[in-house]
Amino acid sequence: MSTSHQNGTSAPQEVVKAPRVADLRTVSWSESLDEKELDVPGTPRAPRTSTTPGHEHCTFHHDMELDHRPPTRESLLPDMSRSYRLLLSSLGEDPDRQGLLKTPERAAKAMLFFTKGYDQSLEEVLNDAVFDEDHDEMVVVKDIEMFSMCEHHLVPFYGKVSIGYLPKKKILGLSKLARIVEIFSRRLQVQERLTKQIAIAVTKAVDPAGVAVVVEGVHMCMVMRGVQKINSKTVTSTMLGVFRDDPKTREEFLNLVHSK
Ligand SMILES: Nc1nc2c(ncn2[C@@H]2O[C@H](COP(=O)(O)OP(=O)(O)OP(=O)(O)O)[C@@H](O)[C@H]2O)c(=O)[nH]1
């Protein structure tokens, strides 16, 4: 099965081999955790097919990773720029006026940046920075800045993420926790799914005794429009393994997160 990728230029269309279902990446969850615990809420059980023109044969992985990747994300720019140009016209603007001439392309580039997480995989980001270490005390990295895009209104939500895990002989390069936040926040998201995806990724990376993630977010869709509550914050958490089962471990994590 093959599909062509339309890039809107006169260059020959590149033919991309779409993955067979059997070739799709599979997720090997940690055997020590109940698979049900690792379900990401709101994601389809069966692979979902893209509705993007030119990508009809492409399948999304059930954790929302795009299984088929275009040759480069930049090749999406012409189609995206055309869409933004149409949007400007729909607003009654003149897309040919001087100030707006480059806006469609700029906006397309910005959107590609806001969603660059689709183009990253956990394996690439970890870069083998998983180290054997006889350490079984809690590791917490807190207040990691996060910028994401609400999938309902396509406006930003932002905030901070705190991650804790209890190692079982394996530790993760500290920066990789922040990089994991980037993979999943730089996508169209809801905060609940983002929280769980981060926890699952840490579990997959180091198979710890438990993982805890707390996300505090400000949703611009609730601030700039809609209900217009400028001070509201949304707090979500995912507790896996010992953080779920042992209240003392959970309390220790929450105390560390809330301490100044
Ligand atoms: N649970 C959850 N809801 C979100 C998130 N981001 C946005 N929403 C909500 O998505 C909902 C969409 O509701 P709709 O009634 O379909 O859309 P709407 O008319 O724009 O809703 P209002 O925002 O209430 O004006 C709203 O309640 C948003 O607050 C998120 O990360 N998690």
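Please read all numbers here as calculations on a predicted model, not as lab measurements. (Residues numbered from 1 in each chain as written. Predicted model: local features only at pLDDT ≥ 70, side-chain atom pairs only at ≥ 80, totals over all residues.)

Novice: Is there a simple way to think about the UniProt feature "domain: GTP cyclohydrolase I" (unreviewed entry) in the protein chain in this case?
Specialist: Residues given the UniProt feature "domain: GTP cyclohydrolase I" (unreviewed entry) here are residues 82–257. A distance of 45 Å separates the end C-alpha atoms of residues 82–257, which is 41% helix and 28% strand. (UniProt positions renumbered as here; feature names shortened; annotations may be inferred. Helix = DSSP H or I, 4+ residues; strand = E, 2+ residues; numbered from the N terminus.)

Novice: Whenever I open this one, the sheet that holds strand S6 (residues 139–150) confuses me. Can you help?
Specialist: Strands pair in a sheet through their backbones, by hydrogen bonds, and they do so in one of two ways: parallel or antiparallel. Spatial ordering of the open sheet is given by S9-S6-S7-S10-S11, a layout of 5 strands whose pairing is mixed. Where the open sheet ends on each side, the last strands, each with one partner, are strand S9 (188–189) and strand S11 (234–241). Summarising the sheet, S6 and strand S7 (residues 156–166) pair through 9 bridges and their orientation is antiparallel. Within the sheet, the bridge partner assigned to serine 148 lies in S7 and is phenylalanine 157. (Pairing = 2+ DSSP bridges.)

Novice: Please explain the site of the ligand as it appears in this structure.
Specialist: If you check the shell around the ligand, you find Cys150, His152, Val190, Gln191, Glu192, His219, Cys221, Met222, Gly226 and Val227 and nothing else. Mapped by element, the contributors of at least two residues to the shell around the ligand are helix H5 (191–206) and helix H6 (220–223). Residue classes in the shell around the ligand are distributed as 5 nonpolar, 4 polar and 1 charged. (Near = placed C-beta within 6 Å. Nonpolar A, V, L, I, M, F, W, Y, C, P; charged D, E, K, R; others polar.)

Novice: Looking at this model, I keep getting lost on the nonpolar core. Mind explaining?
Specialist: Nonpolar side chains tend to gather and get buried jointly when the protein is soluble and globular. Membership of the largest hydrophobic core comes to 30 residues, with the highest contact counts inside it found for Ile180, Ile198, Val202, Val211 and Val213. At the level of elements, S7, helix H4 (174–185), H5, strand S10 (210–219) and S11 are the ones that each hand at least two residues to this core. If you tally residues by element for this core, the top one is H5, at 8 residues. (Core = buried A, V, L, I, M, F, W, Y, C linked by C-beta atoms within 7 Å. Buried ≥ 20, exposed ≤ 12 C-beta atoms within 10 Å, placed from the backbone.)

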